[in-house]
Amino acid sequence: MKVFGAFIIKEFNHIIRDKRTILILIVMPIVQIVLFGFALSVEISNVNVAVIAPTYNSNINRLIEKIDANEYFTVKIRLNNYKEADKLMKEGKIDAVVYFEKDFDESSIKDNTPDIGIIVDASNPNTASTENMLLSSIINDFVSSEMNKGNIHTTPMDINVRLLFNPRMESSYNFVPGVMGLILIIICTMMTSISIVREKERGTMEVLLTSPVKPISIILAKMVPYFTVSFVNLITTLLLAYFVLQVPMEGSLLSVISISVLYIFLALALGLLISTLVKTQVAAMLSSIMLLMIPVIMLSGMVFPIESMPKFLQYISNIVPAKWYIMAIKKLMIEGLSLSHIIKETVILFVMTTALISLSLIKFNNRLE
């Protein structure tokens, strides 16, 4: 029994001494429950709404106040034409529009000709359907309770609904950009880190570094094959998305490929950084999974809307590269915008790539010394 107890104590000591094991066994479950508890939500929040009306009479003003008072919506701006609303929606500054073709009064309600409509960004079909349903409900409740003098409005009012960017509400429009962001970063990061660490485990990295070839050339040579594989995966994904899943290519194909190449370089740099921090292939794989899988799935907007998350998770999501890549791909592929509309996303990805490459080379040179 003493021997058995000694073995138990020995195993506990191994676990306590191994920081990576402690990280996986204790810290990871805590991180997962926090992320899944807060981010696993399909509810909407912080939906920015614009209102278009020829004139803003008392009924329209009261309806605007009612929409703005709702916990899910914020009326950001009042407009008089569609052109500015279209511009704001393409820039991502508003998510929905409530418009009135003429005065919204009791006579138009009585004749059931109010000429009121809703426009929503349907690039994410889940949030679009919820936004449309809630806005329609608010409008009908307002008509029944305040404009119909308390009488129950037995039949819902005819509300015109326009779905921008995804009129058929295809889920693949939202799913494909997210999968692209996940696949590219996992393949590049994990395989690059494992490849370099494998050389260290076998002792061949020292042999390579004693050759006349410069260390940076060796690292770049090891990255090129994975860049090639990732580029092939990118082209394959785009072909499948367009021809099989019927996802449109509204924007420039060259722009999509350009931002994707930048994202691939970022992932390669991240893989190089991981390889300088770990000593075994298993550690490299686990580190890649912990750093990539959960954050990309939960905090990139791939599955769950970031706007619905608590503020602290929204701030954390800003350091997830996949978030900015997915946002850029949606604007290019689904919304058909030009490169000028993704300058912010491009700059952020470029800065992240530069920082990761610089940090990786510094760490790599320190280890050589």
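This text goes with the structure placed above it.
Residues numbered from 1 in each chain as written. Predicted model: local features only at pLDDT ≥ 70, side-chain atom pairs only at ≥ 80, totals over all residues. Heavy atoms only, no water.

How should the packing of helix H7 (residues 172-202) against helix H13 (residues 321-334) be read in this particular structure?
Pairs of packed helices are described in terms of their axes, by the angle between the two and the distance that separates them. One can describe the packing of H7 onto H13 by two numbers: an axis separation of 9 Å at closest approach and a directional angle of 135 degrees. Taken together, the axis directions place H7 and H13 in an arrangement best described as oblique. As for the relative orientation of H7 and H13, their crossing is right-handed in sense. Between H7 and H13, the residues in contact are Tyr173, Asn174, Pro177, Gly178, Met180, Gly181, Leu184 and Ile185 and Pro321, Tyr325, Ile326, Ile329, Lys330, Met333 and Ile334, respectively. Residues of the contact of H7 with H13, tallied by class, amount to 11 nonpolar, three polar and one charged. (Axes fitted to C-alpha atoms, helices over the stretch in contact; angles between N-to-C directions. Helix = DSSP H or I, 4+ residues; strand = E, 2+ residues; numbered from the N terminus. Parallel < 35°, antiparallel > 145°, perpendicular 65-115°, else oblique. Left-handed = near helix turned anticlockwise from the far one by under 90°. Contact = heavy atoms within 4.5 Å. Nonpolar A, V, L, I, M, F, W, Y, C, P; charged D, E, K, R; others polar.)

What is the right way to read the pairing of strand S4 (residues 116-121) from this model?
In regular strands, side chains alternate between the two faces of the sheet. For S4, the buried fraction is high: six of the six residues fall into the buried class. The two faces of S4 match: Ile116, Ile118 and Val120 on one face and Gly117, Ile119 and Asp121 on the other face are all buried. Here five bridges tie strand S3 (residues 96-100) to S4, and the two strands are oriented antiparallel to one another. Across the sheet, residue Ala96 finds its bridge partner in S4, namely Val120. As paired elements, S4 and strand S5 (residues 159-164) share six bridges and run parallel to each other. Directly across from Asp121, in S5, lies its bridge partner Leu164. (Buried < 20%, exposed > 50% of the residue type's maximum accessible area, 1.4 Å probe, protein only. Pairing = 2+ DSSP bridges.)

Would you mind going over the sheet that holds strand S2 (residues 73-79) with me for this structure?
Two modes of strand pairing occur in sheets, parallel and antiparallel, and in both the strands are linked by backbone hydrogen bonds. Across the sheet, five strands lie side by side as S2-S1-S3-S4-S5; this open sheet has mixed pairing. The open sheet has two free edges, formed respectively by S2 and S5, since each of these has just one partner strand. Adjacent strand axes in the sheet meet at a mean angle of 20 degrees when their direction is disregarded. Across four bridges, strand S1 (residues 47-52) lies against S3 in parallel orientation. Residue Val49 lies in a different strand from S3, and its bridge partner there is Ala96. Helix-sheet contacts for helix H3 (residues 58-69) involve S1, S2, S3 and S4, and the interaxial angle to S2 is about 145 degrees.

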